[in-house]
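# Structure assessment
Residue-level listing of the chains:
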Amino acid sequence: HSALPRNGGSLGNSQATDPKALQLELTGRVVDEAQNISEATEKTLADRLTALESATSDQFVVVTVPSLNDQSIDKASLDLANRWGVGQADLDNGVMLMVAPNERKVRIQVGLGLEGLLTDQKAAEIIQLMLPELRAGRLEQGIALGVDRIETVLKSDRRRPQPKAETNREAA
């Protein structure tokens, strides 16, 4: 496993300790707690994620979990990404792809510094591309497809940070 530096990036502001919070350790760029990824694929993905960080400074972690502990995948992934400090603190450029195969859930959690590039819409489109593979039980292929598409988006524009554009809409 290649170590992921703990740089203290934040993917939001949820810092409260929850007894249901996933108690996982950051052991590398791929944390396969659900035991769905072969060693060879795990190494290939980890090498790609290491190269991505070298090219863009973005920290991207893939996590599979056997259970969400009765939490939403949104909360579980946000809490875990914040606790692990995924992303550079000054750029807030972390990404986490979480798959909970037993609950049939998938989430792409994006740091604030990348929300203008890897938008909610793009993340949703990537998940839609992954779903046929995941639903067919081809977790490795679905995850690899997601990693490939996220990597393509992150490499498409290397300016950092890229926060979501502010919208000044007033209620009518």
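Residues numbered from 1 in each chain as written. Predicted model: local features only at pLDDT ≥ 70, side-chain atom pairs only at ≥ 80, totals over all residues. Heavy atoms only, no water.

As a further point, take the pattern of salt bridges. Evaluated as defined, the whole model comprises 11 salt bridges. Across the pair Glu151 and Arg48 runs a salt bridge whose closest N-O atoms are separated by 2.4 Å. Here Arg48 lies in helix H1 (residues 39-56) and Glu151 lies in helix H4 (residues 139-155), a separation of 103 residues in the sequence. Residue Arg48 is classed as partly exposed on the basis of its relative accessible area of 24%. A network of salt bridges, in which partner residues are shared, links Arg48, Asp148, Arg149, Glu151 and Lys155. (Salt bridge = Lys/Arg side-chain N within 4 Å of Asp/Glu carboxyl O. Helix = DSSP H or I, 4+ residues; strand = E, 2+ residues; numbered from the N terminus. Buried < 20%, exposed > 50% of the residue type's maximum accessible area, 1.4 Å probe, protein only.)

Okay, the nonpolar core next. Core analysis: the largest hydrophobic core is formed by 29 residues, its most contacted members being Phe60, Leu97, Ile108 and Leu118. Every element with two or more residues in this core is listed here: H1, strand S2 (59-64), strand S3 (94-100), strand S4 (105-110), helix H3 (120-135) and H4. Leu26, Ala76, Leu80 and Ala81 belong to the second largest nonpolar core, which has 17 residues in total. (Core = buried A, V, L, I, M, F, W, Y, C linked by side-chain atoms within 4.5 Å.)

With 6 of 6 residues buried, S2 is to be regarded as a mostly interior element. Alternating positions in S2 separate into two faces, Gln59, Val61 and Val63 on one and Phe60, Val62 and Thr64 on the other, with burial throughout. Pairing between S2 and S3: 6 bridges, direction parallel. The partner of Thr64 across the bridge, within S3, is Val99. On the question of chirality, the crossover connecting S2 to the parallel S3 by way of helix H2 (residues 73-84) is right-handed. (Pairing = 2+ DSSP bridges. Right-handed = clockwise from strand over helix to strand, strands pointing away.)

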